[in-house]
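Tertiary structure, described
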Amino acid sequence: MNTRIKAISLSCMGLMLSGSVLAASLPRGLPEAASVTTAMPSQKRPVLTADSIDFGAYDPYGDFGEPSQSKIEHLFLPWEDVELSTLALADDYAYARGRTLMITVEPWSWSPEWRVTERELLRSILDGERDAYMAAVCSTVAGLKSPIIIRWGQEMDETDNQFSWSHWSGEEFKAAYRRMVTVCRAHVKDARFMWSPKGNPGLEVYYPGDDVVDLIGLSVFGYQQYDRGTTGRDQTFPERLAPGYERVKGYGKPIMVAELGYEGDASYVADWARSVAARHAEFPQLTAVVYFNDREVYPWPDGYGRPDWRVVREAGN
């Protein structure tokens, strides 16, 4: 299961909109419509000003429920065993707040017992057996009101993670990505497509081509304990972003931080909160950052545990 989505399943299962309890097969990230945490003060919230770049969030708790707090609503969904009709609920929520809907499509099932090997998954995609899954997602998206970003097969360059598609070669990933964009464009005409590596060395072998990429997404997380243990000091947001940014800036596409989080002591958090949505001269193509507002489920390497990225800590958490 995706390391940054499992923890919100209880939130999704308990979510009630229009009097209906939504099931665990929902797209993940739909906020609680009547969240009590939206107005809670927090020193961890990113500092937003009139000059800020766009800020968005994956926000299952509704901590960014006020319209002014976010411009992008981020969801995750598998492309099988998911109730796609519930995307309309996310669309209503985003549209009412004037937000873009960013949808990360993971090309597998979230149920481990349903998954196939990475080789079989690739074969079935390239042979067209999975076209119907992407067609179903995109035909549903075509009926939504909000502007749409589709992010398919994220972090393909992170070979030590749990994603099946991160074990494909560059040529294999590019062929699969291109096929899925082609399938999707037959159903939705105005979506933008995001290629979203983590930002690691060698990511260029996975770039699928200018004609199928509208935006580039990166993943940037700041964890003070990890910084000090691996570099001997705290690292800033620009320092963590710079390597990945340098690797993708030459493609000439708008760049977003598609997954962002930070955790540490008060000084560390305050520095990141001031910095993430600010304009940095060294990153002219950076147009938006999207916060991952939940706790990490999959432990970080070398015993660093599970950082809690959430901006609001409720009593008992």
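Just above, that's the structure.
Report follows, based on the coordinates. Note that this is a predicted model, so its numbers are computed, not measured. Per chain, residues are indexed from 1 in the order of the written sequence. It should be noted that, the model being predicted, local features are given only for residues of pLDDT at least 70 and side-chain atom pairs only at 80 or more, the latter also being counted only at that level, while totals for whole chains, interfaces and linings use all residues. Here the side-chain values reflect all heavy atoms present in the structure, with hydrogen atoms and water set aside.

Thoughts on the nonpolar core
Core analysis: the largest hydrophobic core is formed by 82 residues, its most contacted members being Met134, Trp152, Trp195 and Phe237. Numbered from the N terminus, helices here are DSSP runs of H or I no shorter than four residues, and strands are runs of E no shorter than two. At 7 residues, helix H5 (residues 170–185) tops the list of elements feeding residues into this core. For this analysis, residues touch if any pair of their heavy atoms sits within 4.5 Å. Each residue touching Trp152, except ones within four places of it in the same chain, is listed here: Trp79, Val105, Pro107, Ile125, Met134, Trp168, Phe173, Ala176, Tyr177, Met180 and Met194. Note on terminology: a nonpolar core comprises buried Ala, Val, Leu, Ile, Met, Phe, Trp, Tyr and Cys residues joined through side-chain atoms within 4.5 Å. Here the term buried applies to any residue with accessible area under 20% of the maximum for its type, exposed to any over 50%, and partly exposed to those in between, with areas from a 1.4 Å probe on protein chains only.

As for the environment of Arg115
Considering the arrangement of structural elements, one finds Arg115 in the loop between strand E5 (100–106) and helix H3 (118–126). Here the alpha-carbon distance between Arg115 and Gly303, two residues 188 residues apart in the chain, equals 28 Å. Pairs of N or O atoms within 3.5 Å make up the polar contacts considered here, provided that, within protein, one atom can donate a hydrogen while the other can accept it, and that residues adjacent in sequence are counted only when both atoms are side-chain atoms. Within the structure, the side chain of Arg115 is placed 2.8 Å from the backbone oxygen of Ser109, a separation counted as a polar contact.

Some details on the sheet that holds strand E3 (residues 54–58)
Strands belonging to one sheet form pairs held by backbone hydrogen bonds; the direction of such a pair is parallel or antiparallel. At least two bridges found by DSSP between two strands are what make those strands a pair. On the basis of which strands lie adjacent, the closed barrel formed by 8 strands has the order E3-E4-E5-E6-E7-E8-E9-E10 and parallel pairing. Adjacent strand axes in the sheet meet at a mean angle of 30° when their direction is disregarded. Taken together, the 5 bridges between E5 and strand E6 (residues 148–152) define a ladder with parallel strand orientation. Opposite Leu101, over in E6, you have Ile148 as the bridge partner. Lines fitted to the C-alpha atoms define the axes, with helices restricted to the stretch that makes contact. Angles between their N-to-C directions range from 0 to 180 degrees.

Examining the packing of H3 against H5
Where H3 contacts H5, the axes come no closer than 9 Å and their chain directions differ by 45°. Compared by their axis directions, H3 and H5 come out oblique. In this structure, H3 meets H5 at a crossing whose hand is left-handed. Along its contact with H3, which presents Arg119, Leu122, Ile125 and Leu126, the element H5 presents Glu172, Ala175, Ala176, Arg179 and Met180. Considering only residue class, the contact of H3 with H5 consists of 6 nonpolar, no polar and 3 charged. Angles are sorted into four bins: roughly parallel if under 35 degrees, roughly antiparallel if over 145, roughly perpendicular if 65 to 115, and oblique for all others. Definitions for this section: a left-handed crossing has its near helix turned counterclockwise from the far helix by less than a right angle. A right-handed crossing has that turn clockwise. Polar here means any residue other than Ala, Val, Leu, Ile, Met, Phe, Trp, Tyr, Cys and Pro, which are nonpolar, and Asp, Glu, Lys and Arg, which are charged; Gly is therefore polar.

Section: the layout of surface pockets
Points on a 1 Å grid, built from protein atoms alone, make a cavity when a 1.4 Å probe fits but cannot get out and make a pocket when they are open with protein on both sides within 12 Å along at least 5 of 7 lines; residues with an atom within 4 Å of a point are the lining residues. Grid points are joined across faces, edges and corners, and a volume is the space filled by probe spheres set on the points. Space inside the largest pocket adds up to approximately 720 Å³. Contributing to the lining of the largest pocket are 29 residues, with Glu158, Lys198, Asn200, Arg240 and Trp300 lying nearest its centre. Here the lining of the largest pocket gets 6 residues from one element, more than from any other, and that element is helix H7 (residues 237–248). When the residues that make up the lining of the largest pocket are grouped by side-chain class, the tally is 12 nonpolar, 8 polar and 9 charged.

Looking at the packing of helix H4 (residues 131–141) against H5
Where H4 contacts H5, the two axes come as close as 8 Å, and the packing angle between them is 45°. One element, H4, and the other, H5, form an angle in the oblique class. Judged by the twist between their axes, the crossing of H4 over H5 is right-handed. Residues Asp131, Met134, Ala135 and Cys138 of H4 form the contact with H5, whose own contacting residues are Arg179, Met180, Val183 and Cys184. By residue class, the composition of the contact of H4 with H5 is 6 nonpolar, no polar and 2 charged.

Structural notes on helix H6 (residues 224–231)
Of all the residues in H6, the buried ones are Gln224, Tyr226 and Asp227. End-on, the buried residues of H6 take up no more than an arc of 160°, which puts them together on one face. Turned more than 90 degrees away from the buried face of H6 sit Gln225 and Gly229, all of them exposed. The inward-facing, buried residues of H6 contact strand E8 (215–223), H7, strand E9 (255–263) and helix H8 (266–275). Two residues or fewer after H6 comes Gly232, characterised by a positive phi angle close to 85°. Directions are taken from the helix axis to each C-beta atom, and the arc is the one they span.

Regarding the pattern of salt bridges
Side-chain pairs of opposite charge can arise whenever the charged atoms involved come near each other. Each salt bridge in this description consists of a side-chain nitrogen of Lys or Arg and a carboxyl oxygen of Asp or Glu lying within 4 Å of one another. Scanning all chains against the criterion turns up 23 salt bridges. As a salt-bridge pair, Lys44 and Glu263 come within 2.6 Å of each other at their nearest N and O atoms. In this pair, Lys44 is assigned in the loop between strand E2 (20–21) and E3 and Glu263 in strand E9, connecting sequence segments 219 residues apart. The exposure class of Lys44 is buried, given its relative accessible area of 6%. Notably, a salt bridge pairs Arg130 with Glu80, separated by 3.1 Å at the nearest N-O pair. With a gap of 50 residues between them, Arg130 in the loop between H3 and H4 and Glu80 in the loop between strand E4 (72–78) and helix H2 (87–96) connect regions that are remote in the sequence. By sharing partners, the salt bridges in this structure join Lys44, Glu263, Asp308 and Arg313 into a single network.

Any functional reading would require information beyond the geometric quantities listed.
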